[in-house]
Amino acid sequence: MTNTLVLLIAGILIVLAYDYTNGLQDAANMLATIVASRAATPIQAAILVSVFTFLGPVLGGTAVANTIGNFIDVTDLQNIASLTIVLSGLGGAIGWNLITWWFGLPASSSQALVGGLVGAVLVSAGPEHVEWGMSELNAGRVSGVTKVLGALLISPVLGFLFGWIIHRLVRFALRGARPAVNRNLRGFQWVATAALAFSHGTNDAQKGMGIIAMLLVISGVNAEFTVPIWVILASATSITLGTFSGGWRIVRTLGFGIYKVRPIHALDAQLASASLILAASMTGAPVSTTQVVSTSIMGIGASERPKSVRWGTAQHIIGAWLITMPGAAAISIALYLLMQALGAIV
């Protein structure tokens, strides 16, 4: 077995591990509101979310995978060198996901992936191997890192606005309703949560799919960037297993730490998040489920009772977002330098 093949297999396994930690991290985003509002038990919610998370990447196309798989370009390097760079970037993303999961911080797995890969490429191959997308932007097109970062930066703002607007509309529609309406709202949450889980699968699982497709190209297995069906199924399975494992440390933060979530708030957060993430997936824009769900809850609270929003918790979450990319980059750089020192690059 050649060194290239060994690194390729290791790379695929590491991507699937990243998908697992992504599911572990993002499970809380989908479980938090339906559990906090008592529309479902934790086990019921986990099964519902897992099923539709699996269906998302299987049925959701590959637009996001194409974006993620092409924002760095190391195809002109030797196979072993380029594979080592990608492995280091993935290690940085996984490391950061585990750190934030351990401390119960709902950080962005997408930002961790971007930070890890860009950090490893910059220290090893140089900035010219990152597809920044600036020239395309001048021509009126959005691609590369510009598209990735643009989606990650704009989506939290849209999440807040969607949450604020949808909550106002639903409150207006339910004005004068009796408390018994909460039973119907809890029932609708099952549909809304399924839509949110499906949208999560269409966006987040595709990121792992894109990286595996990239590995197949730089290792010489595939001549061009394509996403085989086995890659789709493997990524879908891995992220689903992570989702089913929970993420209960973060559920507590999102479900109870930002705003007191009742059935109407939970339903509105699910509707706002699902619609925004599905729209992003159709345009190939990778967004963070964590950011969208968190900011939609903030928007809902701000539209109803701003003083009751726990802005201190929100500040901690935002702080975690701000350090995610440099944190993941630092870990990936350290891993690359360690591998280099151990003679992994020849």
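Residues numbered from 1 in each chain as written. Predicted model: local features only at pLDDT ≥ 70, side-chain atom pairs only at ≥ 80, totals over all residues. Heavy atoms only, no water.

Peer 1: Looking at this model, I keep getting lost on the pattern of salt bridges. Mind explaining?
Peer 2: Any two side chains of opposite charge can pair, given that their charged atoms come close. Across all of its chains, the model carries four salt bridges by this definition. Note that Arg-171 is salt-bridged to Glu-304, the shortest N-O span being 4.0 Å. With Arg-171 in helix H7 (residues 144-173) and Glu-304 in helix H12 (residues 289-304), the pair connects residues that are 133 residues apart, well separated along the chain. Assessed through its relative accessible area of 17%, Glu-304 is described here as buried. The partner of Arg-262 in a salt bridge is Glu-304, with the nearest N and O atoms 3.9 Å apart. Placement of Arg-262 in the loop between helix H10 (248-256) and helix H11 (263-282) and of Glu-304 in helix H12 is noted, with a sequence separation of 42 residues between them. Since its relative accessible area comes to 36%, Arg-262 is described here as partly exposed. Residues participating in the shared-partner salt-bridge network are Arg-171, Arg-262, Glu-304 and Arg-305. (Salt bridge = Lys/Arg side-chain N within 4 Å of Asp/Glu carboxyl O. Helix = DSSP H or I, 4+ residues; strand = E, 2+ residues; numbered from the N terminus. Buried < 20%, exposed > 50% of the residue type's maximum accessible area, 1.4 Å probe, protein only.)

Peer 1: What's the story with the packing of aromatic side chains in this structure? I'm lost.
Peer 2: Geometry of an aromatic ring pair is reported as the spacing of the ring centres plus the angle between the planes. For the structure shown, the criterion picks out zero aromatic pairs. Residue placement shows Arg-175 over the ring face of Phe-172; its charged tip is 4.1 Å from the ring centre. (Phe/Tyr/Trp six-rings, centres within 6.5 Å; stacked < 30°, edge-to-face > 60°. Lys NZ or Arg CZ within 6 Å of the ring centre and 35° of its normal.)

Peer 1: Which parts of the structure should I look at to understand helix H8 (residues 181-218)?
Peer 2: Helical periodicity: at 3.6 residues per turn, an α-helix aligns residues three or four positions apart in one direction. When the terminal C-alpha atoms of H8 are compared, their 56 Å separation across 38 residues agrees well with the 56 Å that a helix rising 1.5 Å per residue should span. Its axis deflected by about 30° at Gln-206, H8 carries its strongest bend there. Phi turns positive one or two residues past the end of H8, at Gly-220, with a value near 90°. (Expected span 1.5 Å × (residues − 1). Bend = angle between axes of the 7 residues up to and from the residue.)

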